[in-house]
Amino acid sequence: MIIYVVNRAFPHKTFVTTAKPKEKIARIRAQLLHTLYELGKDEHLFRLRFKGQILRDAFTFEDYDIRDNYVVTMVPVGKSREHLMEIRSVASSDFTIDQGSSQPIDVKTALDREIKTFDNRERMFADFKVLLFVHFLFAFLSVLTVHWYSVFWLLFFWAVGTWFVPTYSRIGGFVGNNSHLKVHYCLVAVVVLIACLIVSLYYCISGWIFVATEGCSYWGDDGNCSHRKIYTSAFFTLHCLVLILSSILAFFLFKNVRIEVGDFIEKFLVQERDVEMVMKMAKHGKIKEKRSAAYDLAAMAASSDDNKFRIVAEGGMEVLMTLALSRDEMTQEHAVEALAEILTIPSIQDTFVETGGIRTLTAVLHSPRPRVMQEAAVALYSIVADSEDNKQAVVDDHGLEDLSHAAHEGTIFCQRTVASIFLELAFNADIRYQLASRNTPAQTLVHLCKSNDPETQRFALQALEVLAIECPELICAQEELIGLLLNFPFRSMDAKLYLLAGKILLYFAENVETCNQLLSYPRAKDSLELFAKTLDPVLQKVTVKIIYCSSDQPQLKQKAKSLSMLEVIEYIKEFAADRDTWEMADQCYSELNDDSNLSGLPALSTLEKLNRMQQKIDASFGSNSSLGSRDRNGSHSSSGSSSDVKKHLA
């Protein structure tokens, strides 16, 4: 597959590389290093990013779902420091700064080795073509030998060898129609040359034996000896030497062409380094050494689970926590990446939480670097997703405020991760009560609903729905949320988001004050109509219930009728997804049109009216049964377990 790579450092150039889905990211990095070498920029240190996520060398393209013709971004490392050095050098020629923007020694050595290998390949193919021309000359000279018929197989070998020989240059690579047969060509060439060598060697030995036994001491035409016999022996002697040289060259070409771009470099990009040495550098090294050590630890942790346990066993957890709080941006970024990788192991998470690691991650959420903030959020998600006990640790260490900061300042991917963290926290009954007792989580989730990322919206809406089970008043207090929910049909085409928005709107509709705000929204009727047109039976029932709640008060009923809400009900009746939906819509239509005895009847609560409607149609679906359980007094039960809440959301 073809991958396009863009880099702001090269604004007028797009790099084009090829890769296989199961190849590692290190392979494409190796190809780019070769390209930068040709541009004279081989010292340019970079990493690759796709959809806001830094690509790790040990992972494959399949792991990141990178497909054909996708665009990957090349992110320069230490670019700001390079600019700083250029500016400072104008003012003072004595100013020095530790850039740390050159390639690691091992990588440069591997790059130089590969370039030398490909240079040798180019020279060997050129020499092999010269030898093929020499074989062509020998084919014509063989006519003068005793074994004149050898001209046929020598010419055949030359013609086939010349026709299929690949053309190669280090800059241009292999070219021609037969370049894909390079390995097969070299292998066949070795076999054929050895076969020719055996025949020529036989003619050579037999010829010299004949000359020696027939007494051709003066090399003249004497008896059975002739100039042609002597010429034949000399010819095949020289031909054997050429064939030996050609066979050796073909053998080395066979070994050389099997080496591809990145074979040496990939080994050093994903190699397992000495943990003790890296730890020593991380603890006692200078800024550049610590930066290199943090990078090595991140690469090692991404390579395998065994490396993760090795790092922890050598005390790497405490070292990485210290490096994560470093003032050096690159050191901090790599350290947090390493922590995010290590914390994917549940058994390590408990140790990390016990040593106070949550405080480190929540502090890093305030980093000005978006990638650092993003990796810290990923690490926190790993902790809260795998353990109920560790969820409380995040809340106790004032993590909610830090997560709120990341939700407002982070990237799209970071916001998505934060939304999923809030959803995981809300699944815990005890933590859900704490979230419902504060306004910050709800405000953060409302802000996340403004995101353009569908996944972020979905996680935020699900978390708000779970909080509504615990405390409907908290959700209804978010005045901005009504407009956001009603605006979803105009922002997205995802019916699942419509359903989540509709369920939360039902809580606003059940409250007289917020129901009036809902009906006062300029596009309320259009939004509910779009909900109904999805033809989803659950969403149609939710839409009917939202409109039905307006019959709680005479003024709300009149307002709903003035907004032509009856048209929405009529549409649902006409295009009802099932019988229960039609019966519910018919009951709602009758209630909204029935103005008799309203003044003389006692005011019924929304819950009582919904229950009465449910009894009339004998339907099993209800807003409260889908969103949570209530007791007889109308208060919500907060004792539901995480599995119960997840079952309601499913």
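Report follows, based on the coordinates. As the structure is a prediction and not an experimental result, all values here were calculated from the model. (Residues numbered from 1 in each chain as written. Predicted model: local features only at pLDDT ≥ 70, side-chain atom pairs only at ≥ 80, totals over all residues. Heavy atoms only, no water.)

1. A look at the overall build of the protein chain
The helix and strand tally for the protein chain stands at 33 helices and 7 strands. Looking at the protein chain as a whole, 50% of its 650 residues qualify as buried. Across the protein chain, every contact between residues at least 6 apart in sequence was considered, and the portion connecting residues at least 24 apart equals 73%. (Helix = DSSP H or I, 4+ residues; strand = E, 2+ residues; numbered from the N terminus. Buried < 20%, exposed > 50% of the residue type's maximum accessible area, 1.4 Å probe, protein only. Contact = heavy atoms within 4.5 Å.)

2. A closer look at the side chain of Asp-402
Relative to the elements of secondary structure, Asp-402 occurs in helix 17 (residues 399-409). Of the side chains bearing the opposite charge, Arg-438 lies closest to the buried Asp-402, which forms no salt bridge; the N-O distance is 9.7 Å. Not counting the four nearest positions on each side in its chain, Asp-402 is found in contact with Thr-362, Leu-365, His-366 and Asp-397. (Lys, Arg positive; Asp, Glu negative; His and termini not counted. Salt bridge = Lys/Arg side-chain N within 4 Å of Asp/Glu carboxyl O.)

3. Digging into the sheet that holds strand 5 (residues 71-76)
Read across the open sheet, the 5 strands follow the order 2-1-5-3-4; overall the sheet is mixed. For this open sheet the edge positions go to strand 2 (14-18) and strand 4 (53-54), each flanked by a neighbour on one side alone. Across 3 bridges, the pairing between strand 1 (residues 2-6) and strand 5 is parallel. The residue bridging Val-5 from the neighbouring strand is Val-72, located in strand 5. Running over the sheet, helix 1 (residues 25-38) touches strand 1, strand 2, strand 3 (46-50) and strand 5 and is turned about 130° from strand 3. (Pairing = 2+ DSSP bridges. Axes fitted to C-alpha atoms, helices over the stretch in contact; angles between N-to-C directions.)

4. Regarding the layout of surface pockets
Taking a probe equal in size to a water molecule and rolling it over the atoms shows the remaining empty space. Taken as a whole, the largest pocket spans an internal volume of roughly 850 Å³. The wall of the largest pocket is formed by 25 residues, among which Thr-18, Gln-31, Gly-173, Glu-260 and Val-261 lie closest to the centre. Ranked by residue count, the leading element in the lining of the largest pocket is helix 1, at 5 residues. Per-class residue counts for the lining of the largest pocket are 10 nonpolar, 7 polar and 8 charged. (1 Å grid on protein atoms, 1.4 Å probe; cavity = no way out; pocket = protein on both sides within 12 Å on 5 of 7 lines; lining within 4 Å. Points joined across faces, edges and corners; volume = space filled by probe spheres on them. Nonpolar A, V, L, I, M, F, W, Y, C, P; charged D, E, K, R; others polar.)

5. Re the packing of helix 18 (residues 412-426) against helix 20 (residues 440-449)
The interhelical angle for the contact between helix 18 and helix 20, taken along N-to-C directions, is 140°, at an axis separation of 11 Å. Taken together, the axes of helix 18 and helix 20 lie oblique to each other. Judged by the sense of rotation from one axis to the other, the crossing of helix 18 with helix 20 is left-handed. Where helix 18 approaches helix 20, its residues Gln-415, Val-418, Ala-419 and Phe-422 are matched on the opposing element by Pro-441, Thr-444, Leu-445, His-447 and Leu-448. Of the residues belonging to the contact of helix 18 with helix 20, the class tally is 6 nonpolar, 3 polar and no charged. (Parallel < 35°, antiparallel > 145°, perpendicular 65-115°, else oblique. Left-handed = near helix turned anticlockwise from the far one by under 90°.)

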